[in-house]
Amino acid sequence: MNKTIRRTSVFALLLVLALLGRATWVQAYEGKALANDSKNRRKTIAQYAQPLGNIVVAGSPVTGSKRTKSGDLAYERGYTDGELYAAVTGYSSQAYGATQLEGIYSGILDGTDDRLKNPVDAVTRTQQEPGTVVTTIDPAVQKAGYEALGKKKGAAVAIDPVSGRILGMVSTPSYDPSDIAGTNDGAAWKELTEDPDKPLVNRALRQPLPPGSTFKLVVAAAALEDGLYSSVDVPTTSPQPYTLPNTRTVLKNENASAPCENATIRTALRYSCNNVFGKMAADLGQDKVKAMAERFGFDDDELDVPVRAYASVYPSGMDPAQTALTGIGQFDVTATPLQMAMVSAVIANDGRLAAPHMVSEVVDSDGDALESFEDGDATRIVSSATAEQLRSAMVTVVEQGTGTNAAIAGAEVGGKTGTAQHGENNSKTPYAWFTSYAKDPSTGKQVAVAVLIEDSGAARSEVSGNGLAAPVARKMMAAALK
């Protein structure tokens, strides 16, 4: 009987130890999970216990950390020229989380990333080893775009076509991330989130809209690559007026007196002839146009720069009339300014696309690289001959056509205007587009820029791209070439 009692006691002891062990494991697991929970107050306190690392533009931080006046959070984020760089940095808020580069690299900036030499626990840390995020942004290009957009609602992106470096990324109206960095910024947050102009939306990356006639460059590229036309200077088969296939709907040109009947691609881009590119898209068929659009970057839902951009879309399942409408950047075609800057960058870079990126490297506190982004890792999109033909035609647009406001003395400048409409029925809003490139033959510098401006008072015509968007592009390109 004593043996039975002893065995029972031993079993009971083992059971208790097992349960204690499991409880300890569960407690440890749940503790770790709680520490990593973004809603955990202790994590927030620890995150802001010391200064964060910085986001850097041209060697100078555009972020900082400042002492709070009260409460249990010792520091809060501060920003230098916050409105100017908001589309790049995003915000880091004690109450509302983090976005853009602040969000992607939060672990690097608050010292908890495992790649750091001495990463520290999100809750119990007693010291901090934050890293630094080095951007590719050129402050002169950024400022030129921001000031040129002014109070207009729009966005602009500038890319170095050879390296893929994003030199400028602007979205207006902007906001100052400092205004929502703390815990007591509810009024500012409410104002921003309820503003109908949506200042928190990065229009450069995350609001695709119909690209209008700027998409004609993609259609022209498809026609040249397919062999439908051998050069930009041979006549096309383009009746004027042109009736959409299997319909009675006539596709009108903005300039009724323009020489668009059977016009060459050069002339059709110069005058932005809808009949030419509508017929061209229908002749190619949706599959060929879609294939070319996707080579340029459309339909890519994983385009990271490293902030993820919304996919620009070329639709499927269309009839011939709908395909014709895509030829002028309408129907269900959508694009971001980043995407249309990529189109011009390919054409400028001899038909190759260097992956666009706005971070050059991420470094630890000793300056050792944790991430590096290669410049100039280019993919062939169209042939060198096609790119050369399109550059020549785009130069004609700027020198003699609808893009004269983009001209820069002493530089080769090519561009394409566009106006599209978005919305329902009578409430449709026109958008002015301009996509372009510029090269300085004396220095070898070059840049590609796309600009989108929403303006309910804009004229519903192609020329609004020249009147509203081209001047913004010109100022950004001029800044990049200096």
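The structure we're discussing is the one just above.
About the criteria used
- Residues numbered from 1 in each chain as written.
- Predicted model: local features only at pLDDT ≥ 70, side-chain atom pairs only at ≥ 80, totals over all residues.
- Heavy atoms only, no water.
- Helix = DSSP H or I, 4+ residues; strand = E, 2+ residues; numbered from the N terminus.
- Contact = heavy atoms within 4.5 Å.
- Areas by Shrake-Rupley, 256 points an atom, 1.4 Å probe, with all protein chains shown as cover.
- Buried < 20%, exposed > 50% of the residue type's maximum accessible area, 1.4 Å probe, protein only.
- Disulfide = S-S within 2.5 Å.
- Core = buried A, V, L, I, M, F, W, Y, C linked by side-chain atoms within 4.5 Å.
- 1 Å grid on protein atoms, 1.4 Å probe; cavity = no way out; pocket = protein on both sides within 12 Å on 5 of 7 lines; lining within 4 Å.
- Points joined across faces, edges and corners; volume = space filled by probe spheres on them.
- Arc of directions from axis to C-beta.
- Polar contact = N/O pair within 3.5 Å; in protein donor to acceptor, adjacent residues only side chain to side chain.
- Phe/Tyr/Trp six-rings, centres within 6.5 Å; stacked < 30°, edge-to-face > 60°.
- Pairing = 2+ DSSP bridges.

Novice: Before we go on, may I ask you to explain the overall build of the chain in this structure?
Specialist: Broken down by element type, the chain carries 16 helices and 18 strands. If you take every contact in the chain between residues at least 6 apart in sequence, the share linking residues at least 24 apart comes to 68%. For the chain, the accessible area works out to roughly 21000 Å², and carbon and sulfur atoms hold 49% of it.

Novice: Got a minute to help me understand the environment of A385 in this structure?
Specialist: Along the chain, A385 turns up in helix α15 (residues 384–400). Exposure remark for A385: the relative accessible area of 48% places this residue in the partly exposed category.

Novice: Explanation requested: the state of the cysteines in the structure shown.
Specialist: Disulfide: a covalent bond formed between the sulfur atoms of two cysteine residues. Under the defined criterion, the tally for this structure stands at one disulfide. What pairs with C260 in a disulfide is C273, and their sulfur atoms sit 2.0 Å apart. Between C260 and C273, the S-S dihedral sits near -75 degrees, and the bridge is therefore left-handed. In this pair, C260 sits in the loop between β11 (250–251) and α10 (265–271) while C273 sits in the loop between α10 and α11 (274–284), placing the two residues 13 residues apart along the sequence.

Novice: Looking at this model, I keep getting lost on the nonpolar core. Mind explaining?
Specialist: Of all hydrophobic cores here, the largest spans 88 residues; its most connected members are F277 and L338. Those residues in contact with F277 that sit more than four places away from it in its chain are K216, V219, A220, I265, A268, L269, A324, G327 and I328. Counting 29 residues, the second largest nonpolar core, distinct from the first, contains A158, V451, A473 and A479.

Novice: Just checking my understanding: could you explain empty space enclosed by the protein for this structure?
Specialist: Picture a little ball the size of a water molecule; that probe, rolled over the atoms, points out where space is still empty. Following the criterion strictly, the structure yields two cavities of 30 Å³ or more and no others. Counted as a void, the largest cavity has a volume near 50 Å³. Top element by residues in the lining of the largest cavity is helix α5 (residues 106–110). It accounts for three residues. The calculated volume of the second largest cavity comes to roughly 30 Å³. As for the second largest cavity, its lining consists of G297, D300, L303, Y310, A311, S312, T336, L338 and Q339.

Novice: Would you explain α11 in this entry?
Specialist: Think of an α-helix as 3.6 residues a turn; residues three or four steps apart then line up on the same face. Summarising burial for α11: nine of the 11 residues are buried, a large majority. Of all the residues in α11, the buried ones are N274, N275, V276, F277, G278, K279, M280, A281 and L284. The secondary structure elements touched by the buried residues of α11 are α9 (216–226), β10 (242–243), β11, α10, α12 (286–296) and α13 (320–326). Just past α11, the residue G285 takes up positive phi, approximately 90 degrees.

Novice: Mind showing me how you'd approach helix α6 (residues 139–149) here?
Specialist: By the burial criterion, the buried members of α6 are V141, Q142, A144, G145, A148 and L149. All buried residues of α6 lie within an arc of 165 degrees about the axis, which places them on one face of the element. Capping of α6 at its N-terminal end is provided by D138; its side-chain oxygen lies 2.9 Å from the backbone amide nitrogen of A140. G150 sits one or two positions beyond α6 and adopts a positive phi of about 55 degrees.

Novice: Even after reading the chapter, I still don't get the packing of aromatic side chains, so can you show me in this structure?
Specialist: One pair of aromatic rings is described through two measures. These are the centre distance and the angle between the planes. By the definition in use, this model includes five aromatic pairs. Relative to Y175, the ring of Y91 lies with its centre 6.4 Å away and its plane at 75 degrees, an arrangement referred to as edge-to-face. Here the residue Y91 occupies a position in the loop between α3 (82–89) and β5 (92–93), and Y175 occupies one in the loop between β9 (166–172) and α7 (186–194), the gap between them amounting to 84 residues. Taken individually, Y91 and Y175 each receive the classification buried, so the pair is uniform in this respect. A ring pair is formed by F215 and Y314, whose centres lie 5.9 Å apart and whose planes are at 15 degrees; its orientation type is stacked. One end of the pair, F215, is in the loop between α8 (203–206) and α9; the other, Y314, is in the loop between α12 and α13, with 99 residues separating them in the sequence.

Novice: What exactly am I supposed to notice about the sheet that holds strand β7 (residues 132–135) here?
Specialist: To summarise the sheet geometry, strands pair through backbone hydrogen bonds and adopt either a parallel or an antiparallel arrangement. Reading across from one edge, β2-β1-β7-β13-β14 is the order of the five strands in this open sheet, with mixed pairing throughout. The two strands at the open ends of the sheet, each matched to only one other strand, are β2 (60–61) and β14 (369–372). Both strand β1 (residues 55–57) and β7 contribute to a ladder of two bridges, which runs parallel. Note that in β7 the partner of V56 across the bridge is V134.

Novice: Is there a simple way to explain the environment of V313 in this structure?
Specialist: Relative to the assigned elements, V313 resides in the loop between α12 and α13. Residues V313 and V333 lie 20 residues apart in sequence; the distance between their C-alpha atoms is 5.5 Å. Once residues within four sequence positions are removed from consideration, V313 is found in contact with F298, D299, D332, V333 and T334.

Novice: Can you help me understand the side chain of T214 in this one?
Specialist: Relative to the helices and strands, T214 resides in the loop between α8 and α9. Among all residues touching T214, those that are not within four sequence positions of it are M340, K416, T417, G418, W433, F434 and T435.

Novice: Explain the environment of E261 here, please?
Specialist: When you line up the elements, E261 lands in the loop between β11 and α10. C-alpha separation for the pair E261 and P239, spaced 22 residues apart in sequence, amounts to 5.3 Å. Once residues within four sequence positions are removed from consideration, E261 is found in contact with S238, Q240 and N275.

Novice: Can you help me understand the side chain of S344 in this one?
Specialist: Along the polypeptide, S344 turns up in helix α14 (residues 337–348). Those residues in contact with S344, other than ones at most four positions away along the chain, are M394, T435, S436, Y437 and A448.

Novice: Help me understand the pairing of strand β18 (residues 446–454) in this model?
Specialist: One face of the sheet, then the other: side chains in a regular strand alternate in exactly this way. By the criterion of burial, β18 is predominantly enclosed, with nine of the nine residues buried. Neither face of β18 is left uncovered, since the one carrying Q446, A448, A450, L452 and E454 and the one carrying V447, V449, V451 and I453 both have all their residues buried. Here strand β8 (residues 153–159) pairs with β18 via seven bridges, running antiparallel. Directly across from I159, in β18, lies its bridge partner A448.

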